[in-house]
Amino acid sequence: MKRLITVLGSTGSIGVNTLDVIRAHPDRFQVAALTAGKQVDRLAEQCIEFKPAIAVVSEASDAVRLEKLLLENNIKTQVLYGPQALVTAVTDSGCDTVMAAIVGAAGLVPTLAAAKAGKRVLLANKEALVMSGNLFMQAMKDGGGELLPIDSEHNAIFQCLPNEFTKAPHSNHGVEELWLTASGGPFRNTPLDQLASITPDQACAHPNWVMGRKISVDSATMMNKGLEVIEAFWLFGLPLEKIKVLIHPQSVVHSMVRYRDGSVLAQLGQPDMRTPIAYGLAWPERIEAGVAPLNLTQLASLHFSEPELARFPCLALAFAAAKAGGTAPTVLNAANEVAVAAFLGAGLPYLQIPAVVEKTLNAIALTNADSLEDILSMDAQARKVAREFIQVLQK
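Keep in mind that what you see is a predicted model, and the values were worked out from it rather than measured. (Residues numbered from 1 in each chain as written. Predicted model: local features only at pLDDT ≥ 70, side-chain atom pairs only at ≥ 80, totals over all residues. Heavy atoms only, no water.)

(A) Structural view of the environment of Lys-119. Among the structural elements, Lys-119 can be located in the loop between helix H5 (108-116) and strand S6 (120-123). Between the C-alpha atom of Lys-119 and that of Asp-96, which follows or precedes it by 23 residues, the distance is 5.2 Å. Setting aside its immediate chain neighbours within four residues, Lys-119 contacts Val-90, Cys-95, Asp-96, Val-98, Ala-114, Met-140, Gly-145 and Glu-146. Within the structure, Lys-119 has its side chain in polar contact with the backbone oxygen of Cys-95 (distance 2.7 Å). (Helix = DSSP H or I, 4+ residues; strand = E, 2+ residues; numbered from the N terminus. Contact = heavy atoms within 4.5 Å. Polar contact = N/O pair within 3.5 Å; in protein donor to acceptor, adjacent residues only side chain to side chain.)

Have a look at this one:
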């Protein structure tokens, strides 16, 4: 029985790697729907190869162009566009598994729809839990589906926990701490006085992982790790004080779990996202992921250290937002997305990214995250405030 997969964000790095694993196992997996933002040509190539029932793009003009490309190749995929079409790709494609890989808040609504519909959700979109952790986890519970984390760190922790833990995280399994590892990005050793002149290309040159530009900047500022802390809090149900971050430049140990008896279990592997993707697609089985085996004898050394918050203020802001709760993580995420976009495209200085996030958090009265409408409203408000701060900074 083949699993039918919808890939939300199929033209990004996670989506491309997901299709690479699917391609290697045609007897196990079939593509039900593919969605993309603006990369119409790449999406057309994917549709020609995998022949999904539904394909989704952002704009009507792109949908027309995609339809033309598919018609020329006699592909009968239904082409849709817009935010609601992302939900349709989840609910009307016949899929049983959803790879949630749309970067940013845009992925929240379709991922929540997958949870409510009882799908197996392969979660590579941090924002679903950062913005709406309580709502999302309740939707998974109500829908009765399976939630498998795909971020390499959370997937590593998932693999290091006892099977019973995810069913009853608050029970006594002897788990003391979760240790999320971080490469430290390209600037972990850069003198602090040189950070002011960092360019987008420098920030996007990650030393270990091949990722999109936005997530690469988040890795450089370590906001990415801060978002992962919030994500781990909701996924695994441990108090924030039991979730730690360690700098590990080699990116071989993907994360660890410390147990009460003194044991520490770690998951190791190559820095290749196909490993956690394959794990999620085939769970509880393990399949070939196309990843080279790890040769421990070729590793010179493995280093670990605590992050310097003076170097990574975004990490401190994320911990503060997680502790505040309510809509604070929503504001954090929205302000960061706006600030990173301004850094990448509008000349906002690198060190102003945390400044914009902090100003936005301080400017907005936080509330409880009781409904999707409240969360989306707070997201919009935070983006507006962040853009106003950026306009002032750039005058």
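(B) How the structure looks around the packing of helix H2 (residues 40-50) against helix H3 (residues 60-72). Two numbers describe how H2 lies on H3: the axes approach to 10 Å, and their chain directions differ by 40 degrees. By the angle between their directions, the pair H2 and H3 is classed as oblique. Considering how the two elements wind past one another, H2 and H3 form a crossing that is right-handed. In contact with Val-40, Asp-41, Leu-43, Ala-44, Cys-47 and Ile-48 of H2, H3 contributes Asp-62, Arg-65, Leu-66, Leu-69 and Leu-70. Grouping the constituent residues of the contact of H2 with H3 by class yields 8 nonpolar, no polar and 3 charged. (Axes fitted to C-alpha atoms, helices over the stretch in contact; angles between N-to-C directions. Parallel < 35°, antiparallel > 145°, perpendicular 65-115°, else oblique. Left-handed = near helix turned anticlockwise from the far one by under 90°. Nonpolar A, V, L, I, M, F, W, Y, C, P; charged D, E, K, R; others polar.)

(C) The nonpolar core, seen in detail. Grouped together as the largest cluster of nonpolar side chains are 89 residues, with contacts concentrated most on Phe-136, Leu-332, Tyr-350 and Ile-353. Counting residues per element, this core draws most heavily on helix H13 (residues 328-345), which supplies 10 residues. Excluding its chain neighbours within four sequence positions, the residues that come into contact with Phe-136 are Thr-111, Leu-112, Ala-115, Val-121, Leu-123, Ala-128, Leu-129 and Leu-147. Counting residues in each nonpolar core, the second largest holds 38 residues, with Ile-5, Ile-22, Met-273 and Val-291 among its members. (Core = buried A, V, L, I, M, F, W, Y, C linked by side-chain atoms within 4.5 Å. Buried < 20%, exposed > 50% of the residue type's maximum accessible area, 1.4 Å probe, protein only.)

(D) How the structure looks around the state of the cysteines. Across all of its chains, the model carries 0 disulfides by this definition. Summary of cysteine pairing: Cys-95 is not part of a disulfide, and the nearest cysteine sulfur, belonging to Cys-47, is at 15 Å. Residue classification places Cys-95 among the buried positions, given a relative accessible area of 3%. (Disulfide = S-S within 2.5 Å.)

(E) Geometry of the sheet that holds strand S7 (residues 146-149). One open sheet accounts for 7 strands, arranged S4-S3-S2-S1-S5-S6-S7; its pairing is parallel. If you trace the sheet from one side to the other, it starts and ends with strand S4 (78-81) and S7, each paired once. For this sheet the average axis-to-axis angle between neighbouring strands, irrespective of direction, equals 25 degrees. The pairing of S6 with S7 spans 4 bridges and is classified as parallel. From the neighbouring strand, Leu-123 faces S7, where its bridge partner is Pro-149. Each of strand S1 (3-8), strand S2 (29-35), strand S3 (54-57), S4 and strand S5 (97-100) is contacted by helix H4 (residues 83-91), which is oriented at about 160 degrees to S3, the strand it contacts most. (Pairing = 2+ DSSP bridges.)

(F) Highlighting H2. The set of residues buried in H2 consists of Val-40, Leu-43, Ala-44, Gln-46, Cys-47 and Phe-50. Viewed end-on, H2 has its buried residues packed into an arc of 165 degrees, placing them on one side of the element. Elements that come into contact with the buried residues of H2 comprise helix H1 (13-24), S2, S3 and H3. Of the residues one or two after H2, Lys-51 is the one with positive phi, at around 50 degrees. (Arc of directions from axis to C-beta.)

(G) Structural detail: the environment of Asp-261. Tracing the backbone shows Asp-261 in the loop between strand S10 (253-259) and strand S11 (264-268). Given the relative accessible area of 64%, Asp-261 is considered exposed. It is 50 Å that separates the C-alpha atoms of Asp-261 and Arg-42, two residues lying 219 residues apart in sequence. Of note is the side chain of Asp-261, whose polar atom sits 2.9 Å from the backbone nitrogen of Ser-263.

(H) Looking closely at a nonpolar patch on the surface. Together, Leu-268, Leu-296, Leu-302 and Phe-304 make up an exposed nonpolar region whose accessible area comes to about 330 Å². Note on placement: Phe-304 falls in the loop between helix H11 (274-282) and helix H12 (313-324). Residue classification places Phe-304 among the partly exposed residues on the basis of a relative accessible area of 37%. (Patch = residues over 30% accessible without salt bridge, like charges linked within 9 Å, V, L, I, M, F, W, Y side chains within 5 Å. Areas by Shrake-Rupley, 256 points an atom, 1.4 Å probe, with all protein chains shown as cover. Salt bridge = Lys/Arg side-chain N within 4 Å of Asp/Glu carboxyl O.)

(I) Structural context of the pairing of S6. Because side chains alternate across S6, one face comprises the buried residues Arg-120 and Leu-122, and the other comprises Val-121 and Leu-123, equally buried. One crossover worth recording links S5 to the parallel S6 by way of H5, and it is right-handed. What joins S6 to S7 is helix H6 (residues 127-143), and the crossover it makes is right-handed. (Right-handed = clockwise from strand over helix to strand, strands pointing away.)

(J) Layout of the pattern of salt bridges. Inspection of every chain in the model, using the stated rule, returns 23 salt bridges. The salt bridge partner of Asp-62 is Lys-38, with a shortest N-O separation of 3.5 Å. Of this pair, Asp-62 sits in helix H3 while Lys-38 is found in the loop between S2 and H2, placing the two residues 24 residues apart along the sequence. Judged by relative accessible area, Asp-62 falls into the buried class, the value being 12%. With a relative accessible area of 58%, Lys-38 lands in the exposed category. Between Lys-384 and Glu-388 there is a salt bridge whose closest N-O contact spans 2.7 Å. Residue Lys-384 and its partner Glu-388 are located together in helix H15 (residues 372-393), separated by 4 residues, close to a single helical turn. Among the charged side chains, a salt-bridge network with shared partners connects Asp-20, Arg-23, Glu-49, Asp-272 and Arg-274.

(K) Spotlight on H3. Here H3 contains 13 residues, and its C-alpha end-to-end distance of 19 Å stays within 8% of the 18 Å for a straight helix at 1.5 Å per residue. Listed in full, the buried residues belonging to H3 are Asp-62, Ala-63, Leu-66 and Leu-70. The buried residues of H3 occupy one face: seen down the axis, they fall within an arc of 100 degrees. Residues of H3 that are exposed and point over 90 degrees away from its buried face: Ser-61, Val-64, Lys-68, Leu-71 and Glu-72. On its buried side, H3 packs onto H2, S3 and S4. Looking one or two residues beyond H3, the residue adopting positive phi is Asn-74, at roughly 60 degrees. (Expected span 1.5 Å × (residues − 1).)

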